[in-house]
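Spelled out, the chains give:
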Amino acid sequence: MQHAKQVITILGATGSIGQSTLDVIARHPERYEVFAVSGATQLERLVQIAAQFLPRYIVVLEEANAALIRAQLKDRALKSEVLVGQDALIAIATAPEVDAVMAAIVGAAGMPATLAAAQAGKKVLLANKETLVLAGQLFMDAVKASGAQLLPIDSEHNAIFQSLPAIYREQPYASSFDSAGIEKLLLTASGGPFRTRPFDTLASITPAEAIKHPNWSMGRKISVDSASLMNKGLEVIEAFWLFNAPIDRIEVVVHPQSVIHSMVQYRDGSVIAQLGSPDMRTPIAYGLAYPERIEAGVKPLDLFSIARLDFEAPDLQRFPCLALAYSAIRQGGAAPAVLNAANEIAVDRFLAAELKFTQIPQVIEACLGQLAHRQVTCLQSLLEIDADTRLLAQQLAAELR
Ligand code: NAD
Ligand code: MG
């Protein structure tokens, strides 16, 4: 079959998801064309990307970095134009030439451009889960209003998407779990590196230990989130919005092998799952080619070498962040935005070795207590809540030192 080339913007191209996306794209030059890429740091890598994929635009956050890249591009006779700042991120996410946007910036910083892509009716490949935690209602409203196609890249949500009936996954808000015969979503979690570590040693966890995930290789922030199970908490909220899922019908199942990437349980007793090697190129390739299937460079699953699959319930005492996330989405309003911002600061402080691992949930809980009652009326109010939470979390973290 002949394809018109899909024109793609990659927000966060230098990160773990961004690099995996470029890896899949490089396998299919006849199908995909890179229109624009962004990166906050790793300028060398941006220049390499420019040389390999010849994007029209490169976006960075600071003018000084832009100047450095322009000089290197000039030396190599590369023609990419270098733009700077949040407005430029929005411009490359919404340009009329663009078909699909890979939203792979980490954290709430990725929200404005991701939301703009949805408002512009793009095909949105959503890796940036924080957008849904911070602005779930606004984002889903934008998707519905513009007719944007939303494809979840987070492996669990991609698995659920693949396991849902086609009519439900395409328009979850035109239907309900009950009318689609869905009992619940079973969101699998590896349990992270500290699932079996002696409880009384959790306070001494170092950043190096926390970013060493047993099954997945990922950016630093999401690796710490995986270790605290906040990642699963953020994913519960992500599933709530993506799939119009009642919160009591999203269940977390700890599954240490990370082979089943999540499941949908139906009324008739069927459970449909998606399995695979833990490699993000699978969901990325699925999102890029949907509804077709393309080669992704992923090692085929070898069930004989895996031999067994284990399951257990999450330990909420050991991992209070998961309970905090459930409680924040139940409370609604500002609570998920507060949860997200407080977590970003707490993780940042932990990575700087200025906060203990076990103090991460303490900072988040205190922020929720003080700020979750705030009114959310519009995007501006959400951004204010996000900013105020960051200030408070910084203060609390400094006091805890
Ligand atoms: P990463 O840290 O490896 O990469 C983050 C990217 O965002 C980089 O390109 C970085 O330059 C850019 N960035 C960082 N701060 C920025 C800012 N303030 N403004 C603009 N750009 C900024 O992260 P990652 O692991 O690739 O994760 C990206 C997103 O995908 C996260 O939301 C994460 O939760 C989600 N995700 C990642 C994985 C994974 O396997 N890595 C899996 C599921 C979901
Ligand atoms: Mg995930």
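Residues numbered from 1 in each chain as written. Chains lettered and ligands numbered in written order. Predicted model: local features only at pLDDT ≥ 70, side-chain atom pairs only at ≥ 80, totals over all residues.

### Digging into the site of ligand 1
Around ligand 1, 26 residues are found, and the nearest of them are G12, G15, A109, M218 and G219. Contributions of two or more residues to the shell around ligand 1 are made by α1 (16-26) and α11 (220-228). It is α1 that contributes the most residues to the shell around ligand 1, 3 residues altogether. Across the shell around ligand 1, the residue classes break down as 13 nonpolar, 9 polar and 4 charged. Lining the shell around ligand 1 are residues from two domains, each supplying at least three of them: domain 1 (6-152) and domain 2 (155-320). (Near = placed C-beta within 6 Å. Helix = DSSP H or I, 4+ residues; strand = E, 2+ residues; numbered from the N terminus. Nonpolar A, V, L, I, M, F, W, Y, C, P; charged D, E, K, R; others polar. Domains from an automatic or database assignment.)

### Some details on the nonpolar core
Formed by 125 residues in total, the largest nonpolar core has its most connected members in A103, L125, A325, V338 and A346. A per-element tally of this core places helix α16 (residues 335-351) first, with 10 residues. When neighbours within four sequence positions are excluded, A103 is seen to be in contact with L11, G110, T114, A117, V124, L125, L126, A127, N128 and T131. (Core = buried A, V, L, I, M, F, W, Y, C linked by C-beta atoms within 7 Å. Buried ≥ 20, exposed ≤ 12 C-beta atoms within 10 Å, placed from the backbone. Contact = placed C-beta atoms within 7 Å.)

### Quick notes on the UniProt feature "domain: DXP reductoisomerase C-terminal" (unreviewed entry) in the protein chain
UniProt tags residues 275-390 as "domain: DXP reductoisomerase C-terminal" (unreviewed entry). For residues 275-390, helix accounts for 57% and strand for 1%, while the C-alpha atoms at its two ends are 38 Å apart. (UniProt positions renumbered as here; feature names shortened; annotations may be inferred.)

### So, the pairing of strand β6 (residues 123-126)
Looking along a regular strand, one sees the side chains alternate between the two faces of the sheet. Two elements, strand β5 (residues 100-103) and β6, share 4 bridges in a ladder whose sense is parallel. Bridging from a neighbouring strand, M102 pairs with L125 of β6. Where the polypeptide runs from β5 across helix α5 (residues 111-119) and back to β6, its parallel neighbour, the crossover connection is right-handed. Here 4 bridges tie β6 to strand β7 (residues 149-152), and the two strands are oriented parallel to one another. Paired with V124 across the strands is L150, a residue of β7. Handedness of the crossover is the feature at issue here: the chain leaves β6, passes through helix α6 (residues 130-146), returns alongside β7, and the resulting connection is right-handed. (Pairing = 2+ DSSP bridges. Right-handed = clockwise from strand over helix to strand, strands pointing away.)

### Observations regarding the sheet that holds strand β8 (residues 182-189)
An order of β9-β8-β10-β11 is seen for the 4 strands of this open sheet, with the pairing classed as mixed. Two strands lie at the open edges of the sheet, namely β9 (250-254) and β11 (271-275), each paired on one side alone. Averaged over neighbouring strand pairs, the angle between their axes works out to 20 degrees when direction is ignored. Of the strand pairs in this sheet, β8 and strand β10 (residues 260-266) are connected by 4 bridges, and their pairing is antiparallel. Opposite L186, over in β10, you have M263 as the bridge partner. Its contacts with the sheet put helix α12 (residues 230-242) on β8 and β9, and the angle it makes with β8 is roughly 150 degrees. (Axes fitted to C-alpha atoms, helices over the stretch in contact; angles between N-to-C directions.)

### Quick notes on the domain arrangement of the protein chain
Per the domain assignment, the segments of the protein chain are domain 1 (6-152), domain 2 (155-320) and domain 3 (332-401). In this assembly, 13 residues from domain 2 lie in contact with 11 residues from domain 3. Every element with two or more residues in the side of domain 2 that touches domain 3 is listed here: α10 (207-210), α11 and α12. Of the residues forming the side of domain 2 that touches domain 3, the biggest block, 5 residues, is contributed by α11. Of the residues that constitute the side of domain 2 that touches domain 3, the class distribution is 9 nonpolar, 1 polar and 3 charged.

### Considerations on the packing of α6 against α16
Relative to each other, α6 and α16 sit at 155 degrees, their axes nearing to 8 Å. By the angle class used here, α6 and α16 are roughly antiparallel. Of the two elements, α6 crosses α16, and the hand of that crossing is left-handed. Between α6 and α16, the residues in contact are E130, V133, L134 and G136 and P336, A337, L339 and N340, respectively. (Parallel < 35°, antiparallel > 145°, perpendicular 65-115°, else oblique. Left-handed = near helix turned anticlockwise from the far one by under 90°.)

### Description of unusual backbone geometry
In this structure, P291 follows Y290 across a cis peptide bond, with omega equal to 5 degrees. Mapped onto the elements of the fold, P291 is located in the loop between α13 (281-289) and α14 (303-306). The residue N244 is not glycine, and still its phi comes out positive at about 50 degrees. Inspection of the secondary structure assignment puts N244 in the loop between α12 and β9. By the C-beta count within 10 Å, which is 17 here, N244 ends up partly exposed. Positive phi outside glycine occurs at A353, with the angle close to 60 degrees. Locating A353 in the fold gives a position in the loop between α16 and α17 (360-371). Residue A353 is classed as exposed on the basis of its C-beta count, with 10 C-beta atoms lying within 10 Å.

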